[in-house]
Amino acid sequence: MIVSFAQRLVRTICPYCQENYNPPEKALVAFGITPSEAKNANFQHGKGCSQCKNTGYKGRTGVFEVLVNDEMIQDMIIKQRPSPEITRAALAAGKLKTLREDAAKKIIQGITTLEEAASAVMV
Ligand SMILES: [Zn+2]
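Report on the accompanying structure. None of the values given here were measured: they were computed from a predicted structure. (Residues numbered from 1 in each chain as written. Predicted model: local features only at pLDDT ≥ 70, side-chain atom pairs only at ≥ 80, totals over all residues. Heavy atoms only, no water.)

## Here we look at the overall build of the chain
Short version of the rule: Helical segments are the DSSP runs of H or I of at least four residues, strand segments are the runs of E of at least two, and each set is numbered from the N terminus. Each residue's exposure class comes from its accessible area (1.4 Å probe, protein chains only) as a fraction of the maximum for that residue type: buried when under 20%, exposed when over 50%, partly exposed otherwise.
On a plain count of helices and strands, the chain comes out with six helices and five strands. When the helices and strands of the chain are placed in sequence order, the string is β-β-α-α-β-β-α-α-β-α-α. Principal-axis analysis of the C-alpha atoms gives the chain an extent of 55 × 30 × 25 Å. A buried classification covers 38% of the 123 residues belonging to the chain.

## Looking at the nonpolar core
Rules: We call a set of buried residues a nonpolar core when its members are Ala, Val, Leu, Ile, Met, Phe, Trp, Tyr or Cys and they connect through side-chain atoms within 4.5 Å of each other. The criterion used for residue contact is that any of the two residues' heavy atoms lie within 4.5 Å.
Counting 18 residues, the largest nonpolar core has Phe31, Ile33, Phe43, Ile107 and Val121 as its most contacted members. For this core, the secondary-structure elements that each account for two or more residues are strand E1 (2–13), helix H5 (99–108) and helix H6 (114–121). Leaving out residues up to four positions away in the same chain, Val121 has contacts with Arg8, Phe31, Val63, Leu99, Arg100 and Ala103. Formed by six residues, the second largest nonpolar core is a distinct cluster that contains Leu67, Ile73, Met76 and Ile86.

## Some thoughts on unusual backbone geometry
Residues other than glycine seldom take positive phi values, yet Lys53 does so here, at roughly 55°. Take Lys53: it is sitting in the loop between strand E3 (44–46) and strand E4 (57–68). Lys53 sits in the exposed class, given a relative accessible area of 73%.

## Concerning the coordination of the zinc ion
Going by this rule: Each metal's donors comprise the N, O and S atoms found within 2.8 Å of it (within 3.2 Å for Na, K or Ca). Water is not part of the atom list, so some coordination spheres may appear incomplete. Just to be clear on the cut-offs, tetrahedral is four donors with all angles between 85 and 135 degrees, square planar is four donors and octahedral six with opposite donors over 155 degrees apart and all others between 65 and 115, and anything else goes down as irregular.
Taken together, the protein donors to the zinc ion comprise Cys14 (SG), Cys17 (SG), Cys49 (SG) and Cys52 (SG), at separations of 2.3 Å. For the zinc ion, the four donor atoms are set out with angles of 107 to 113° between them, so the coordination reads as tetrahedral. Taken in sequence order, the residues that donate to the zinc ion follow the motif C-x2-C-x31-C-x2-C. Of this pair, Cys17 sits in the loop between E1 and strand E2 (18–20) while Cys52 sits in the loop between E3 and E4, and the two are 35 residues apart along the sequence.

## Regarding the side chain of Thr113
Looking at where Thr113 falls in the secondary structure, it is placed in the loop between H5 and H6. Residues in contact with Thr113, not counting those within four places in the same chain, are Ile13, Tyr21, Gln44, His45, Tyr57 and Ile107.

## Points about the packing of H5 against H6
Operational definition: The angle between two axes is taken between their N-to-C directions and runs from 0 to 180 degrees, where each axis is a line fitted to C-alpha atoms and a helix contributes only its stretch in contact. Roughly parallel here means an angle under 35 degrees, roughly antiparallel means over 145, roughly perpendicular means 65 to 115, and every remaining angle is called oblique. By the definition used in this description, the sense in which the near helix is turned from the far one sets the handedness, with an anticlockwise turn below a right angle giving left-handed and a clockwise turn giving right-handed. All amino acids are sorted into three groups, where Ala, Val, Leu, Ile, Met, Phe, Trp, Tyr, Cys and Pro are nonpolar, Asp, Glu, Lys and Arg are charged, and the leftover types, Gly among them, are polar.
Two elements in contact, H5 and H6, have axes separated by 10 Å at closest approach and are oriented at 165°. When the axis of H5 is compared with that of H6, the two are roughly antiparallel. Where H5 crosses over H6, the handedness of that crossing is right-handed. Counted together, Leu99, Arg100, Ala103 and Ile107 of H5 and Leu114, Ala117 and Val121 of H6 form the full contact between these two elements. Here the residues of the contact of H5 with H6 sort into six nonpolar, no polar and one charged.

Listed below in structure tokens is the structure:
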């Protein structure tokens, strides 16, 4: 059973003016993107055109936080453990995919930019 905890919308890169770019290393670290992931990544951003009114973005997509709701998690919920504790336990057991992780994946795939994802998931 999978429970979706949270969702954010991010703007997607305009396909008419997207180009490769190298995001600042500091920003990659903030998203937990490792140097080897960065090497194989397809970082894109839109430089702005008439199709996107010079914003570099066209359309939106969702970034999701997903918790796999298995027995261990259910047990913690039943015992009314505080949610930060459940989050920590789920992360440690690899049962939680955070917004940041999902955003990092979409940055690596060139779907959205670091700047856009940062404004949506870094609160
Ligand atoms: Zn464009």
